[in-house]
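Close look at the chain arrangement
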There are 2 protein chains.
Amino acid sequence: MSIVVETPAWALPRDQSVRARAAAVVPGGMYGHMTANAQNMPPSFPQFYDRGAGAYTWDVDGHRYVDFLCAFGPVLLGHRHERVEAAVAAQAERGDTLSGPSERMVDLAELLTETVAHADWAMFAKNGTDATSAAVRVARAATGKRKLLKASVAYHGANDWFTPRTAGVTAEDRLNIVEFAYNDVASLLEAVAEHTGDIAAIIVTPFRHDAFVEQELATAEFARAVREAATREGAALILDEVRTALRLDVRGAWEHLGVRPDLTAFSKALANGHPVSALVGVDALRSAAAEVYVTGSFWFSAVPMAAAIATIQEAVEIDAPAVIGRAGSRFKDGLEAAGRAAGFEVALTGPVQMPMLNFADDRDKKLAFAFTDAALRHGVLLHPWHNMFVSAAHDDAVVDEAIAGVVAAFREIARTA
Amino acid sequence: MSIVVETPAWALPRDQSVRARAAAVVPGGMYGHMTANAQNMPPSFPQFYDRGAGAYTWDVDGHRYVDFLCAFGPVLLGHRHERVEAAVAAQAERGDTLSGPSERMVDLAELLTETVAHADWAMFAKNGTDATSAAVRVARAATGKRKLLKASVAYHGANDWFTPRTAGVTAEDRLNIVEFAYNDVASLLEAVAEHTGDIAAIIVTPFRHDAFVEQELATAEFARAVREAATREGAALILDEVRTALRLDVRGAWEHLGVRPDLTAFSKALANGHPVSALVGVDALRSAAAEVYVTGSFWFSAVPMAAAIATIQEAVEIDAPAVIGRAGSRFKDGLEAAGRAAGFEVALTGPVQMPMLNFADDRDKKLAFAFTDAALRHGVLLHPWHNMFVSAAHDDAVVDEAIAGVVAAFREIARTA
């Protein structure tokens, strides 16, 4: 058994028994981003979950938490949101995976082109990786060029080009990747100059959300430089909104900067937990998008599209970024104040809708681990080194309950520190 | 508008109007394998579907068909199968996409390792492409080698390596692909000899199911040669059962040949239409599988896993390959006899569970197009150039209804031929 589990700080007997079963039939006991719950995590962190409702989730041992992971993004409106689940049930009654798409595909494409400022067309897939990879392919088909510029460390999916762990990936797979530093215009322009004439696309996330480090918003100067460089090179600017979809701005995450991409990849929150991703783009790339061959057996399924329609409509109607922003601000203020009161210099960095927890002078993350471990025992599911996610179901009462848990957690680590 | 739609042989007014809307907001009006419904198809072929139930599907204009596409494979037990949908509803009540996997992941991994002869472990994803690509990555991680041998034309997904249309794909992406001819041992051995020492994997489908041509079962000699070559080279033998999953043999499609792969990719029928794919493998590749980083936001969702458990259990209990095989044989016999009676030399080739329609002397597929066009108007959804799929819901009465439709269709084309 390759999972290292220290003695849990509280009893998770069922979680332990399911982990032991998993170790026998799943390589390493877990894989992908969910190894985050199995490795490099505080001892109280549960790996297996039983259910979700609104802003809460329950582990397999029956503990209830205010959920600040939201399935690492997909849960935008709260678990099992009534309007979304009603749309799902109605569509499921008719059909999901049929011998062709349903009308829902066209409804959803129309809704996205109305909602997202630069979107003239849309295509759908399952994974975020499908959407970012399709974007790159469309850019190459349109330009006939090869190089893809991306920020170093930035995650854009687990495809051969992007995956952060290179076991099983050949050097050939990465030949056309060129890296620059996020928010560093000089480094971007250097990369552009070095490969001028052969640049198919520049791909960026709306802000820097690498794991383990403080999050960083894009500067207006950087966003404009990326846009200008892409335009000058005749390359496509791809905005990777897989993680940010519908949380920052339903029209597109860089609208407040006045910068529009040519292609945007969406996934995660697009259907409030139902599996769908989307690539949207501008008219100039429409014929290239019609040329590439990207597909999957379930990419045309009607139920997740019905869920996406209900999710986007609700997000627009309630102004989800604002609602989630208010909840995120309340939590940020409460957590940071509770930390100070307990004698800790702690901050939630990045957009308040997707905050990252950071203690000062905590490079080895010992404080973050101790704190998130204690928070679990006080009913709050946080993450010590990955950005978290707030949902529209995190109303004032929920946030205040979470702050109370966080206050107790700070007291606990203050006693032992 | 780039879709070429000839005057439909019967009225599909709603389909036409949805196609027109799609043309405005989806590149080319449609993408991926679903362009099969929009291009290169008989004029009566509907593109948009409204619902499915058992062996039947309805287009958006309300026409009911006996469905021999089964969503291009996913529908194994019939649309909206009661046992599967009950499992889906029960799991959805608790949670689907949570902040970690549910116990269903382990239940499903245990079930697959019990069911599939060579499977010692399992991992899950969404697309078939995810599973074949992960298989290649595991093979490379295990061997430290680069080359991937595949049969020419064979489709193994729409990743950069495999996609049959190369718009937007660089030459670098394909540097490590080596092709041989299916069922041609000499060609296989030549490819192996040319790259000996640098072969990570050989990937094959259980039988040859390329579009447009007659299907071909694997010869025992070929299957054994593939196995021996992989073993001799220390390479992994990957069986691509994305399309065949649960339809030919629940233990693995080459069990009757006595040939076991090291890795198998499953998808499509695994959860009767719910989105999940799986990679299973032997113990020798377990640690390599734990090393690679493959993941997706929805790969750990509980509902499709609950659907897969119910689907596999039902498939094993009813012996789905046998049930579907009897239905497929009945349909093959009926269709071929009806053709002969009408003066046509026509055959369903390949496994009876996944037959391909072929008229003699019909290279331009004119007869196949005319026949499948007529069949639609007699309530039978067939495909003129792609293999079709029979489900366990195709009972004797349904098959006989389809044969009656096919008899009428043959009469119709005999009159006009």
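The structure displayed is predicted, hence computed values, not measured ones.

Scoring rules and cut-offs
Residues numbered from 1 in each chain as written. Chains lettered and ligands numbered in written order. Predicted model: local features only at pLDDT ≥ 70, side-chain atom pairs only at ≥ 80, totals over all residues. Heavy atoms only, no water. Domains from an automatic or database assignment. Contact = heavy atoms within 4.5 Å. Buried area = accessible area lost by both parts, 1.4 Å probe. Salt bridge = Lys/Arg side-chain N within 4 Å of Asp/Glu carboxyl O. Polar contact = N/O pair within 3.5 Å; in protein donor to acceptor, adjacent residues only side chain to side chain. Helix = DSSP H or I, 4+ residues; strand = E, 2+ residues; numbered from the N terminus. Axes fitted to C-alpha atoms, helices over the stretch in contact; angles between N-to-C directions. Parallel < 35°, antiparallel > 145°, perpendicular 65-115°, else oblique. Left-handed = near helix turned anticlockwise from the far one by under 90°. Nonpolar A, V, L, I, M, F, W, Y, C, P; charged D, E, K, R; others polar. Pairing = 2+ DSSP bridges.

The next point concerns the domain arrangement of chain A. Residues and elements named next belong to chain A. According to the domain assignment, chain A consists of domain 1 (13-72 + 320-416) and domain 2 (82-318). Centre-to-centre, using C-alpha coordinates, domain 1 lies 27 Å away from domain 2. Facing 22 residues of domain 1, the contacting portion of domain 2 comprises 19 residues. For the domain 1 and domain 2 pair, buried surface summed over both sides reaches about 1,700 Å², with 63% attributable to carbon and sulfur atoms. For the pair domain 1 and domain 2, the interface holds 0 salt bridges. Where domain 1 touches domain 2, the interface holds 8 residue pairs in polar contact (both at pLDDT 80 or more). Per-element tally for the side of domain 1 that touches domain 2: the top contributor is helix α9 (residues 320-341), with 4 residues.

This part is about the packing of helix α3 (residues 103-115) of chain A against helix α1 (residues 13-25) of chain B. For any two helices packed against each other, the geometry is given by the interaxial angle and the distance between the axes. Running from N to C, α3(A) and α1(B) cross one another at 30°; their axes reach a closest spacing of 9 Å. Classified by the angle between their axes, α3(A) and α1(B) sit roughly parallel to one another. For the pair α3(A) and α1(B), the sense of crossing is left-handed. Of α1(B), the residues touching α3(A) (which contributes A:Glu103, A:Val106, A:Asp107, A:Ala109, A:Glu110 and A:Thr113) are B:Arg14, B:Val18, B:Arg21, B:Ala22 and B:Val25. Grouping the amino acids of the contact of α3(A) with α1(B) by side-chain chemistry returns 5 nonpolar, 1 polar and 5 charged.

Another aspect to go through is the sheet that holds strand β7 (residues 199-204) of chain A. All names here are of chain A. Read from one edge of the open sheet, 7 strands run β4-β12-β11-β10-β7-β5-β6, paired in mixed fashion. Only two strands of the sheet have a single neighbouring strand rather than two, namely β4 (121-125) and β6 (177-180). Within the sheet, the average angular offset between the axes of one strand and its neighbour, ignoring direction, is 20°. As paired strands, strand β5 (residues 147-151) and β7 are joined by 4 bridges and run parallel to one another. When the sheet's bridge partners are listed, Leu148 is paired in β7 with Ala201. On the sheet, α3 packs against β4 and β12 (277-281) and is oriented at approximately 125° with respect to β4. Across the sheet, helix α4 (residues 128-143) is in contact with β4, β5, β7, β10 (236-241), β11 (263-266) and β12; its angle to β12 comes to roughly 25°.

Here the focus is the interface of chain B and chain A. Listed per partner, the contact involves 99 residues of chain B and 99 residues of chain A. At the boundary of chain B with chain A, total buried surface from both sides reaches about 8,700 Å², with 54% on carbon and sulfur atoms. On the chain B side of the contact with chain A, B:Tyr31, B:Ser99 and B:Tyr293 bury the most area, a combined 10% of that side's loss. The partner of B:Glu103 in a salt bridge is A:Arg21, and the shortest N-O contact between them spans 3.4 Å. For the pair chain B and chain A, the number of links is 57 residue pairs in polar contact (both at pLDDT 80 or more). Considered class by class, the residues forming the side of chain B that touches chain A number 48 nonpolar, 26 polar and 25 charged.

Looking now at the packing of helix α5 (residues 185-195) of chain A against helix α6 (residues 220-233) of chain A. Residue and element names in this part refer to chain A. Their axes nearest at 10 Å, the elements α5 and α6 cross at an angle of 10°. Taken together, the axis directions place α5 and α6 in an arrangement best described as roughly parallel. Across the interface between the two elements, Val185, Leu188, Leu189 and Val192 of α5 pack against Glu221, Phe222, Ala225, Val226, Ala229, Arg232 and Glu233 of α6. In the contact of α5 with α6, the residues fall into 8 nonpolar, no polar and 3 charged.

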